[in-house]
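This is what each chain is made of:
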Amino acid sequence: MPLTLGERLYSQPPLPYDYGALAPVISEEQLKTHYDKHHAAYVKGANDILLKLDKARREDAEIDMKAICKEFNFNYGGLTLHQLFWPIMAPPGTGGGKPGGKIADYIEKDFGTFERFKKEFIQVAMSCEGSGWASLNYCGATDGVQINQVEKHNVNVPAQQKFLLLLDVWEHAYYIDYKNERAKFVNGWWDLVNWDEVERRLP
Ligand SMILES: [Fe+2]
């Protein structure tokens with residue numbers, strides 16, 4: 001018996017650490033709000049659209065497919081990017097520092113040095129207009145790594161690339177802790193990077 005739609009809906013995986021684990025870089029209140037309110041809203045948003053589509057199809061009702069695709073992409077992008085974001089962070093002391101191993105080799109191959117990569121990544125994070133993400137992606141065609149800027153959750157996402165490292169620079173990601181000082185968040189965030197997880201995402 002195939003699973004019903006209700007049994008196949010998206011879910012929100014648990015955080016791999018406690019709400020307070022990333023303090024002082026990300027406070028307990030900031031992380032709780034981000035995960036419980038914002039990430040959860042994208043999961044609900046994507047599921048609501050699936051249920052709406054299912055209902056319309058069963059009733060053979062008219063729907064605006066263009067609007068639905070746009071809304072779905074936004075919510076699905078949100079749920080996916082956040083799901084990729086949490087595991088690439090770890091409590092200060094266990095995360096942070098410079099990467100080693102294969103991921104360090106890839107960064108060196110394309111950027112020359114880790115410092116050069118970090119400088120470019122920060123520039124991308126700081127120049128997101130409004131809401132967006134900075135990411136480091138793996139490109140199979142070049143067997144290399146590239147920096148990308150994601151607008152909102154779903155614009156400029158390279159279809160054939162794999163996200164290795166991401167930084168959420170939506171205001172909801174840092175405003176409780178840093179108000180409008182995005183630079184403080186972006187610079188402090190490096191203490192949290194879980195390079196082991198980033199490396200695991202390489203092919
Ligand atoms: Fe976010």
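Residue numbers run consecutively from 1 along every chain, following the written order of its sequence. Totals for whole chains, interfaces and linings use all residues, but because this is a predicted model, local features are given only for residues with pLDDT of at least 70 and pairs of side-chain atoms are given and counted only at 80 or more.

Asker: What is the right way to read the environment of D196 from this model?
Answerer: As for its position among the elements, D196 is in helix α7 (residues 195–200). Burial in this document is a count-based property: other C-beta atoms within 10 Å of a residue's C-beta are tallied, and the residue is buried at 20 or more, exposed at 12 or fewer, or partly exposed in between, with C-beta positions derived from the backbone. On the basis of neighbour counts, which here come to 16 C-beta atoms within 10 Å, the residue D196 falls in the partly exposed class. Taking C-alpha positions, D196 is 10.0 Å from K102, a pair spaced 94 residues apart along the chain. What counts as a helix is a DSSP run of H or I of at least four residues, what counts as a strand is a run of E of at least two, and both are numbered from the N terminus.

Asker: Hey, could you run me through the nonpolar core in this one?
Answerer: It is characteristic of soluble globular proteins that their nonpolar side chains tend to be buried jointly. To define a nonpolar core, we join buried Ala, Val, Leu, Ile, Met, Phe, Trp, Tyr and Cys residues through C-beta atoms within 7 Å and take the resulting set. Counting residues in each nonpolar core, the largest one holds 38 residues, and the members touching the most others are A125, W133, A134, L164, L166, L167 and V169. Domains are outlined according to an automatic or database domain assignment. Two domains share this core, each providing at least three of its residues, namely domain 1 (27–88) and domain 2 (101–200). Other than its neighbours up to four places away in sequence, A134 contacts F121, V124, A125, C128, I147, Q149, L167 and V169. The contact criterion used here is simple: two residues whose C-beta atoms, placed from the backbone, lie within 7 Å are in contact.

Asker: Help me understand the sheet that holds strand β2 (residues 144–151), please; the structure alone is not making it clear to me.
Answerer: Hydrogen bonds between backbone atoms are what pair the strands of a sheet, whose relative direction is either parallel or antiparallel. Pairing within the open sheet is antiparallel, and its three strands lie in the order β2-β1-β3. The sheet terminates laterally at β2 and β3 (161–168), the two strands that pair on one side only. Along the sheet, successive strands turn relative to each other by an average axial angle of 25°, direction set aside. Bridge analysis of strand β1 (residues 132–139) against β3 gives seven bridges, and the strand direction is antiparallel. The residue of β3 that forms the bridge with L136 is L165. Strands pair, by our definition, only if DSSP identifies at least two bridges between them. Think of each axis as a best-fit line through the C-alpha atoms, taken over the contacting stretch in the case of a helix, with angles from 0 to 180 degrees between the N-to-C directions.

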